[in-house]
Amino acid sequence: DVAVTGVQTCALPICRLKRYEEALGSYDRALAISPADVEVLNNRGNALRDLGRSEEALVSYDRALSLRPDHVQILSNKGNALKELGRFDESLATYGRALVLHPGCVEALYNRANTLRELQRYEEALADYERALAVKPDYAEALHNRGATLQDLNRPEEALASHERAVALRPENANFHTSRAHVLSVLRREPEAIAAYRQALALGGDPTLLHYYLAALGAEPAPPTPPRSYVETLFDQYAERFDDALRQLKYEIPKLLFDTVIAVNPGAGRDIADLGCGTGMCGVYFKPIAKSLVGVDLAQAMIEKSRARGVYDRLVRADLREFLRAHPHAFDLVVTADVFIYVGALEEVFAATREALRSGGQLAFSVESEGGDGFVLRSSRRYAHSLPYLRRLAAVNGFVERAVVPVTVRLAEGKGIPGYNLVFELIT
């Protein structure tokens, strides 16, 4: 027992240093001495999860639970591993077992709330965060995630109060300041949001993202394109509720863009690339006129949603510029609905599309409209583009204008966002 304790004691600081492989070796040596040590099995499972090996972690947790089925902490950790594997029903059941044994287990309540939030069961998640906070009022992470859940429920004032309590408890946490800033931005308290983003930056928050957020509020020069990590994370997180959210925003761009394309050219049998395909809304409309239909998106969660629709011949996870450059003269039609708002500068896109289209091929897309001569980053963190800018890019790249149709892109705060559906045809 002394030997086991010594090996485990050495492993714990190694884990804290994120040297998980070394820690795992120490736990394995401890188990060779004492195979039935529940705490070592638990910590071994934690190290495996830190290494991204959640299936193996489950084996370790289950061995521990076969010895101590009433060990609430291990049940909570097992629930986390199941959640990481996407086995959400089993995860919730495991947290439930822990809470039957110990109704006030803060970790189980917090972890179950996180899982419920990921499943978009926001009211249930909120209840669990509040139960956890009733037991442990100074649980900063629960306050932070409670604030995020209140944002999901469109209750920004309450969300702000929760974030401010989290920041007061953990003023050194950059992520807490960032989340507080997000809510302040939603509440149109821009000077305070800017100050909060700058505080997050000073505390070591992600500079690429934070400079982008500041630029969207006009506090810094706007970058020509958003950070790739921002776009990927946004749509990976948004995938589950994407279609429902757009329906609430009266979003009809895929159908309207299809109608615009058909008005210009009703022909079928085309090789089509749907860039930024999202959950496949455009694919549903364009499939009947396609000889082949390829969907392209940065976010893996969106790719999986598109795959479930069954309308694409092929789905590719890629940056749209990289994809176009890799497919010279491959398409008759390139479609991109409500995507350029997350691209910004379009010089590379037009040039790459020119190479990917065959002569006479068409580029069909939507934009939010900007009244100036170029493009701008708005406080929504989306870009808007002017017609003079788009027409210049078209002319430089050998396109002619076939259609420009004013549209309402979506609703925001009950008001329509104006934009255009456009079709340009390659003539060179």
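Conventions we followed
- Residues numbered from 1 in each chain as written.
- Predicted model: local features only at pLDDT ≥ 70, side-chain atom pairs only at ≥ 80, totals over all residues.
- Heavy atoms only, no water.
- Helix = DSSP H or I, 4+ residues; strand = E, 2+ residues; numbered from the N terminus.
- Buried < 20%, exposed > 50% of the residue type's maximum accessible area, 1.4 Å probe, protein only.
- Contact = heavy atoms within 4.5 Å.
- Polar contact = N/O pair within 3.5 Å; in protein donor to acceptor, adjacent residues only side chain to side chain.
- Expected span 1.5 Å × (residues − 1).
- Axes fitted to C-alpha atoms, helices over the stretch in contact; angles between N-to-C directions.
- Parallel < 35°, antiparallel > 145°, perpendicular 65-115°, else oblique.
- Left-handed = near helix turned anticlockwise from the far one by under 90°.
- Nonpolar A, V, L, I, M, F, W, Y, C, P; charged D, E, K, R; others polar.
- Salt bridge = Lys/Arg side-chain N within 4 Å of Asp/Glu carboxyl O.
- Pairing = 2+ DSSP bridges.

Draft legend 1. Focus on the environment of V405. Among the secondary structure elements, V405 is positioned in strand β8 (residues 399–412). For V405, a relative accessible area of 32% puts it in the partly exposed group. For the pair V405 and I253, spaced 152 residues apart in the sequence, the C-alpha separation amounts to 11 Å. In this view, V405 contacts T260, G419, Y420 and N421; residues no more than four positions away in its chain are not counted.

Draft legend 2. View of helix α13 (residues 207–216). Counting buried positions over the ten residues of α13 gives seven, a clear majority of the element. Looking at α13, one finds that the buried residues are L209, L210, Y212, Y213, L214, A215 and A216. The N-capping residue of α13, defined by a side-chain oxygen 2.9 Å from the backbone nitrogen of T208, is D206. The positive-phi residue at the C-terminal boundary of α13 is G218, with phi of around 80°.

Draft legend 3. Expanded view of helix α5 (residues 72–84). With 13 residues, α5 extends 19 Å between its outermost C-alpha atoms, agreeing within 8% with the 18 Å of an ideal straight helix rising 1.5 Å per residue. For α5, the buried fraction is high: ten of the 13 residues fall into the buried class. Three or more residues of α5 are buried, namely V72, I74, L75, S76, N77, K78, G79, N80, A81 and L82. Remark: G86 follows α5 within two positions and exhibits a positive phi of approximately 75°.

Draft legend 4. The packing of helix α6 (residues 88–101) against helix α7 (residues 106–118), seen in detail. Between α6 and α7, the least distance of the axes is 9 Å, while the angle of their chain directions is 155°. On the basis of the axis angle, α6 is roughly antiparallel to α7. By crossing handedness, the relation of α6 to α7 is classed as left-handed. On the side of α6, the interface is formed by F88, S91, L92, Y95, G96, A98 and L99, while α7 contributes A108, L109, N111, R112, T115, L116 and E118. Each residue belonging to the contact of α6 with α7 can be placed in one class, and the counts come to eight nonpolar, four polar and two charged.

Draft legend 5. Representation of the pattern of salt bridges within the structure. Under the defined criterion, the tally for this structure stands at 36 salt bridges. The partner of D313 in a salt bridge is K287, with the nearest N and O atoms 3.4 Å apart. One end of the pair, D313, is in the loop between α18 (300–309) and β3 (314–317); the other, K287, is in the loop between α17 (281–286) and β2 (290–297), with 26 residues separating them in the sequence. Residue classification places K287 among the partly exposed residues on the basis of a relative accessible area of 30%. In this structure, the salt-bridge partner of E355 is R354, at a minimum N-O distance of 3.1 Å. Using a relative accessible area of 27% as the deciding quantity, one classes R354 as partly exposed. Residues joined by salt bridges that share partners form a network here, namely R228, E232, R317 and E322.

Draft legend 6. Summary view of the sheet that holds strand β9 (residues 415–426). In space, the seven strands of this open sheet follow the order β3-β2-β1-β4-β5-β9-β8, with mixed pairing throughout. Unpaired on one side and paired on the other, β3 and β8 mark the two borders of the sheet. Averaged over all pairs of adjacent strands, the angle between strand axes in this sheet comes to 15°, irrespective of strand direction. Here β8 runs beside β9; their pairing, made up of twelve bridges, is antiparallel. From the neighbouring strand, T408 faces β9, where its bridge partner is P418.

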